[in-house]
Amino acid sequence: MNREELKNILPHRDNMLLLDEAELVDGFATGKLRITGDEWFLKGHFPGEPIVPGVIQCEILAQTVSVCLGDKLPKDALPLFTGLDKVKFKSPVRPGDLFETKCEITRVLEPFYFAKGTGYVNGKVCVSAEFSFAVTTKK
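Report follows, based on the coordinates. The residue numbers shown here count from 1 along each chain, following its written sequence. The predicted origin of the model limits local features to residues at a pLDDT of at least 70 and limits the giving and counting of side-chain atom pairs to 80 or more, whereas totals for whole chains, interfaces and linings rest on all residues. In computing side-chain properties, one takes all heavy atoms of the structure into account and sets aside hydrogens as well as water.

Description of helix H2 (residues 54–66)
Since the α-helix packs 3.6 residues into each turn, any two residues three or four apart lie on the same face. The following threshold applies: Comment: elements are numbered from the N terminus, with helices defined as DSSP H or I runs of at least four residues and strands as E runs of at least two. Helix span, expected: 1.5 Å multiplied by one less than the number of residues in the helix. Exposed residues in this analysis have more than 50% of their type's maximum accessible area, buried residues have under 20%, and partly exposed residues fall in between, with area computed by a 1.4 Å probe over protein chains only.
In this model H2 runs 19 Å from its N-terminal to its C-terminal C-alpha over 13 residues, within 8% of the 18 Å that 1.5 Å per residue would give. Counting buried residues along H2, 11 of its 13 residues qualify, which places the element largely inside the surrounding structure. By the burial criterion, the buried members of H2 are Ile56, Gln57, Cys58, Glu59, Ile60, Leu61, Ala62, Gln63, Thr64, Val65 and Ser66.

As structure tokens, this is what we get:
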């Protein structure tokens, strides 16, 4: 799915929609984001040495795993992070990189979902994490 199709699943818009494309294959959600160097989060992180912040990498993982729920999410769904665990940053993500993700839901206790994911550049692990989120509704 492209960015427009992702808007049918994710509530994120404009600068906070952090996926260019995603798909669901055999229970795993994969996503891609090309880091151009023009992103708002690179402006001060770090001048002369731009690196995608770790918290943004985790957000990209969370947006990716939402694809696992796809059309199961109600139109007014609002997925909210409830926890991050075992987060490891292994390699920086920089302008020009194609950041690719692979995520899966590991357990469900509605409205809570537990997941794990990994982010890569050129097949090299940049981030791995376990995380949880709750699906609520927009007010």
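Remarks on the sheet that holds strand E3 (residues 77–89)
Under the convention used in this document: Strand pairing follows a simple DSSP-based rule, namely that at least 2 bridges must link the two strands. A fitted line through C-alpha atoms represents every axis, and for helices the fit uses only the stretch in contact; the resulting angles, taken between N-to-C directions, go from 0 to 180 degrees. Residue contacts are counted whenever heavy atoms from the two residues lie within 4.5 Å of one another.
Pairing within the open sheet is antiparallel, and its six strands lie in the order E1-E2-E4-E5-E6-E3. The two strands at the open ends of the sheet, each matched to only one other strand, are strand E1 (21–25) and E3. Taken over all neighbouring pairs, the strand axes of this sheet differ in orientation by 25° on average, direction set aside. Of the strand pairs in this sheet, strand E5 (residues 112–121) and strand E6 (residues 124–137) are connected by 10 bridges, and their pairing is antiparallel. Within E6, the residue paired with Val121 across the bridge is Lys124. The strands that H2 touches are strand E2 (28–34), E3, strand E4 (98–109), E5 and E6; relative to E4, the one it contacts most, it runs at about 60°.

A short note on the side chain of Gln57
If you trace the backbone, Gln57 turns up in helix H2. Apart from the residues within four sequence positions on either side, Gln57 is in contact with Val52, Phe89, Val93, Phe99, Cys126 and Val127.

Some words on unusual backbone geometry
Apart from glycine, the bulk of residues carry a negative phi angle, and the bulk of peptide bonds sit in the trans form. With an omega of 5°, the peptide bond between His45 and Phe46 qualifies as cis. Turning to its location among the elements, Phe46 is positioned in the loop between E2 and H2. Note that the residue after Glu110, namely Pro111, is joined by a cis bond; omega there is 10°. By the secondary structure assignment, Pro111 is in the loop between E4 and E5. The backbone phi angle of Asp14 is positive, close to 50°, even though this residue is not glycine. Along the chain, Asp14 falls in the loop between helix H1 (3–6) and E1. Of note in the backbone geometry, Asn122 takes a positive phi value of approximately 50° without being a glycine. Tracing the sequence through the fold places Asn122 in the loop between E5 and E6.

Considerations on the nonpolar core
For soluble globular proteins, nonpolar side chains are generally found buried alongside one another. Worth spelling out the cut-off: Nonpolar cores are built from buried Ala, Val, Leu, Ile, Met, Phe, Trp, Tyr and Cys residues. Side-chain atoms within 4.5 Å join them into one set.
Within the largest apolar cluster, 35 residues are counted, with the highest numbers of intra-cluster contacts made by Val52, Ile60, Val65, Val93, Phe99, Phe131 and Val135. Of all the secondary-structure elements, those providing two or more residues to this core are E2, H2, E4, E5 and E6. With six residues, the single largest contributor to this core is E6. For Val52, the contacting residues outside a window of four places in its chain are Ile35, Phe41, Leu42, His45, Gln57 and Val93.

What is shown is where atoms sit, not what they do.
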